[in-house]
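# Chains, contacts and geometry: an overview
Here is what each chain is made of, one letter per residue.
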Amino acid sequence: MSGPSGAERNWAEWQPTERATLCFVVRENEILLIRKKRGLGAGKVNGPGGRIDPGETPRQCAIRETQEELGVTPLDPEWRGELYFQFVDGYGLQCAVFTARGCEGNAVETDEAAPLWTPLNAIPFHEMWADDIHWLPGVLEGRNFRGYFDFDGDTMLSRRIEWLERGRTPDCDAI
């Protein structure tokens, strides 16, 4: 691996290759996940999301991507955190994470994703990215965070998670 490892990287000066979002819709005791069909993470289970378009805010992106991937509109997405990923091949991704309390419409399969309404106590972490198990449970409890990860393909090489104080969240439309 060239360059500094996650423990040595100066994340404050790090710049991503791309910026994206994830949106986890929760209703009652279920979470709306997807099985991704194409692109980064194809075959894995995740939340709907994708790249932020020029001029688009992270919140707008989270709504648009959920609509495109599943045909539903998340209700009042709330910022929960930021993910910072550095891959050994040089690709870097910054991802804003949102949760929504329900959605309008019925989730449908698209060319990008198959919907998976999943009980909160049965989230298939073994089919997800290796970092998810370290932060998603806290997010579902209503906590905010920042997570820093190094990956080699699907293999997580390093991780650091910072849980943020309640009430100290950035204006996610300015991120």
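Heads up: these notes are all about the structure in this document. (Residues numbered from 1 in each chain as written. Predicted model: local features only at pLDDT ≥ 70, side-chain atom pairs only at ≥ 80, totals over all residues. Heavy atoms only, no water.)

## Re the packing of aromatic side chains
To describe a pair of aromatic rings, one takes the distance between the centres and the angle between the planes. Inclusion rule: Stacked, tilted and edge-to-face pairs are distinguished by plane angle, under 30 degrees for stacked and over 60 for edge-to-face with tilted covering the rest, among Phe, Tyr and Trp rings (Trp via its six-membered ring) whose centres lie within 6.5 Å. Numbered from the N terminus, helices here are DSSP runs of H or I no shorter than four residues, and strands are runs of E no shorter than two. We call a residue buried when its accessible area falls under 20% of the maximum for its residue type, exposed when it is over 50%, and partly exposed in between, using a 1.4 Å probe and counting protein chains only. Charges are assigned to positions over rings by a cutoff of 6 Å between ring centre and Lys NZ or Arg CZ, combined with an angular limit of 35 degrees from the ring normal.
In the structure shown here, the tally under the stated rule is 15 aromatic pairs. Between Phe85 and Phe149, the ring centres sit 5.5 Å apart and the planes meet at 25°, which makes this aromatic pair stacked. Of this pair, Phe85 sits in strand S6 (residues 78–87) while Phe149 sits in strand S10 (residues 144–152), and the two are 64 residues apart along the sequence. When sorted by exposure, Phe85 lands in the same class as Phe149, which is buried. Taken together, the ring pairs connect Phe85, Phe87, Tyr91, Trp129, Phe149 and Phe151 into an aromatic cluster. Sitting over the ring of Trp11, Arg9 keeps its end group 5.0 Å from the ring centre.

## A short note on helix H2 (residues 132–140)
This is how the line gets drawn: Comment: arc refers to directions from the helix axis out to C-beta atoms.
Buried within H2 are the following residues: Asp132, Trp135, Leu136, Gly138 and Val139. Down the axis of H2, the sector holding all buried residues measures 165°, keeping them to one side.

## Some thoughts on the nonpolar core
Filter applied, for reference: The nonpolar core is taken to be a set of buried Ala, Val, Leu, Ile, Met, Phe, Trp, Tyr and Cys residues, with the residues joined through side-chain atoms within 4.5 Å. The criterion used for residue contact is that any of the two residues' heavy atoms lie within 4.5 Å.
Core analysis: the biggest nonpolar cluster contains 22 residues, and Phe24, Leu83, Phe85, Trp135 and Leu136 have the highest contact counts within it. Elements supplying a minimum of two residues to this core: strand S1 (18–27), strand S2 (30–36), S6, strand S7 (92–101), H2 and S10. Contact partners of Phe24, with chain neighbours within four places excluded, come to Ile31, Leu33, Asn46, Gly47, Val97, Phe98, Thr99, Ala100, Trp135 and Leu136. Judged by nonpolar contacts, the second largest core, of 14 residues, contains Val25, Ala100, Cys103 and Ala113.

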